[in-house]
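What the coordinates show
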Amino acid sequence: MFAARCDHEGTRVLLTERRITEVRVERHHIVVRFVCWCGYEGSFREPRLSASNLAGPPHDVFGRRQLA
Ligand SMILES: [Zn+2]
C-alpha cells in the first residue's frame, strides 16, 4: 500500500501497488503514475534512493521526502 493525493477527491488516498500504471525513473526522481479507486489518474514524484542519497546525512533524505 502507498499513500497518494487524489486531486479529484481532494484528499490523500491509500492505494495498492496494483493501481500503479507507470513508474518512470528520472535523474533525481522516480515518477509514479497511478489510477485512484475513483478513476482519477494522478502522479507523484519520489526522491530517487541512489548511493549518493544514502551516503548523505539522514535528515537530508527525510527533508526531501517531506517535500515530495
Ligand atoms: Zn480518487
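What counts, and at which threshold
Residues numbered from 1 in each chain as written. Predicted model: local features only at pLDDT ≥ 70, side-chain atom pairs only at ≥ 80, totals over all residues. Helix = DSSP H or I, 4+ residues; strand = E, 2+ residues; numbered from the N terminus. Contact = placed C-beta atoms within 7 Å. Pairing = 2+ DSSP bridges. Axes fitted to C-alpha atoms, helices over the stretch in contact; angles between N-to-C directions. Buried ≥ 20, exposed ≤ 12 C-beta atoms within 10 Å, placed from the backbone.

1. Describing the overall build of the protein
Across its full length, the protein carries two helices and five strands. Helices and strands appear in the protein in the N-to-C order β-β-β-β-β-α-α. Put simply, of all contacts in the protein between residues at least 6 apart along the chain, 25% involve residues at least 24 apart.

2. Some thoughts on the sheet that holds strand 3 (residues 20-25)
Strand order in the open sheet formed by three strands is 3-4-5, with antiparallel pairing between adjacent strands. Two strands lie at the open edges of the sheet, namely strand 3 and strand 5 (41-47), each paired on one side alone. Averaged over neighbouring strand pairs, the angle between their axes works out to 20 degrees when direction is ignored. Examined bridge by bridge, strand 4 (residues 29-35) and strand 5 share seven bridges and lie antiparallel to one another.

3. Here's the deal with the pairing of strand 4
When strand 3 meets strand 4, the two strands line up antiparallel, connected through five bridges. Directly across from glutamate 22, in strand 4, lies its bridge partner arginine 33. From the end of strand 3 to the start of strand 4, which pair antiparallel, there are three residues. If you look at the hairpin formed by strand 4 and strand 5, you'll find five residues sitting between the two strands, and glycine 39 has a positive phi there, around 100 degrees.

4. Structural notes on the environment of glycine 39
With respect to the helices and strands, glycine 39 occurs in the loop between strand 4 and strand 5. What makes glycine 39 exposed here is the crowd of 8 C-beta atoms within 10 Å. Measuring from C-alpha to C-alpha, the distance between glycine 39 and histidine 8 comes to 9.0 Å, with 31 residues separating the pair along the chain.

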